[in-house]
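Coordinate inspection notes
This is what each chain is made of:
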Amino acid sequence: MDISQRTVRVAESSIWTGVLLSTGLLLAATYGLVPAVAGALLQELVDLATILNALRALGEDRSNSAAAITISAAPVPRRVQNADRGRGQG
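These figures come from a predicted structure and were not determined experimentally. (Residues numbered from 1 in each chain as written. Predicted model: local features only at pLDDT ≥ 70, side-chain atom pairs only at ≥ 80, totals over all residues. Heavy atoms only, no water.)

**Here's the deal with the overall build of the protein chain**
Of the regular secondary structure elements, the protein chain holds two helices and zero strands. Looking at the protein chain residue by residue over its 90 residues, the buried ones come to 13%. Counting only contacts in the protein chain whose residues sit at least 6 apart along the sequence, the fraction spanning at least 24 positions is 70%. (Helix = DSSP H or I, 4+ residues; strand = E, 2+ residues; numbered from the N terminus. Buried < 20%, exposed > 50% of the residue type's maximum accessible area, 1.4 Å probe, protein only. Contact = heavy atoms within 4.5 Å.)

Quick look at the structure:
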């Protein structure tokens with residue numbers, strides 16, 4: 001139960017952080033304080049900050065948890081041979 005409650009707290013924190021940063025950026029852009037291109041780049045940084053903040057849900061207690069996430073490497077499929085290989089010779 002502790003894991004789910006912590007995850008919800010981190011998710012809510014991330015949501016409100018993103019909303020507040022986006023609103024502040026929108027207001028600054030509305031009054032012409034931020035040019036359009038800079039605003040778009042800043043919005044991407046806001047999105048990145050929100051995502052990185054949300055990743056905190058994976059942190060700290062995960063090694064002590066029975067619900068720890070394990071990532072395994074999947075085999076990489078072999079490339080399909082080029083259908084044109086060998087053409088044009090002869």
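**Digging into the confidence of the model for the protein chain**
When pLDDT is averaged along the protein chain, the result is 75, and 64% of the positions lie at 70 or above. This stretch, residues 65-69, has a pLDDT under 50; its non-local contacts, to residues over four places away or in other chains, come to four contacts. With pLDDT under 50 throughout, residues 80-84 is counted as low confidence; its partners more than four residues away or in other chains account for zero contacts. (pLDDT = per-residue confidence, 0-100.)

**As for the environment of Ala-29**
Structurally, Ala-29 can be placed in helix H1 (residues 2-30). Overall, the relative accessible area of 37% leaves Ala-29 in the partly exposed class. Residues Ala-29 and Gly-39, ten residues apart in the sequence, show an inter-C-alpha distance of 6.8 Å.

**Quick look at the packing of H1 against helix H2 (residues 36-54)**
For the pair H1 and H2, the least separation of the axes is 8 Å and the interaxial angle reads 170°. Classified by the angle their axes make, H1 and H2 are roughly antiparallel. Between H1 and H2 lies a crossing whose hand is right-handed. Side by side, H1 and H2 meet where Val-10, Ser-13, Ser-14, Thr-17, Gly-18, Leu-21, Ser-22 and Leu-25 of the first sit next to Gly-39, Leu-42, Gln-43, Val-46, Thr-50, Asn-53 and Ala-54 of the second. (Axes fitted to C-alpha atoms, helices over the stretch in contact; angles between N-to-C directions. Parallel < 35°, antiparallel > 145°, perpendicular 65-115°, else oblique. Left-handed = near helix turned anticlockwise from the far one by under 90°.)

**A short note on the side chain of Thr-50**
Tracing the backbone through its elements, the reader meets Thr-50 in helix H2. The exposure class of Thr-50 is buried, given its relative accessible area of 18%.

**Here's the deal with H2**
When the terminal C-alpha atoms of H2 are compared, their 27 Å separation across 19 residues agrees well with the 27 Å that a helix rising 1.5 Å per residue should span. The complete set of buried residues in H2 reads Gly-39, Val-46, Thr-50 and Asn-53. The buried side chains of H2 occupy one side of the element, clustering within an arc of 65° when seen end-on. Away from its buried face by more than 90 degrees, H2 exposes Val-37, Leu-41, Glu-44, Leu-45 and Ile-51. Its buried side turned inward, H2 meets H1. (Expected span 1.5 Å × (residues − 1). Arc of directions from axis to C-beta.)

**Some details on a nonpolar patch on the surface**
A cluster of nonpolar side chains, namely Leu-42, Leu-45, Leu-48, Ile-51, Leu-52, Leu-55 and Leu-58, defines an oily patch on the protein surface of about 620 Å² accessible area. Among the structural elements, Leu-58 can be located in the segment after H2. The class of Leu-58 is partly exposed, set by a relative accessible area of 35%. (Patch = residues over 30% accessible without salt bridge, like charges linked within 9 Å, V, L, I, M, F, W, Y side chains within 5 Å. Areas by Shrake-Rupley, 256 points an atom, 1.4 Å probe, with all protein chains shown as cover. Salt bridge = Lys/Arg side-chain N within 4 Å of Asp/Glu carboxyl O.)

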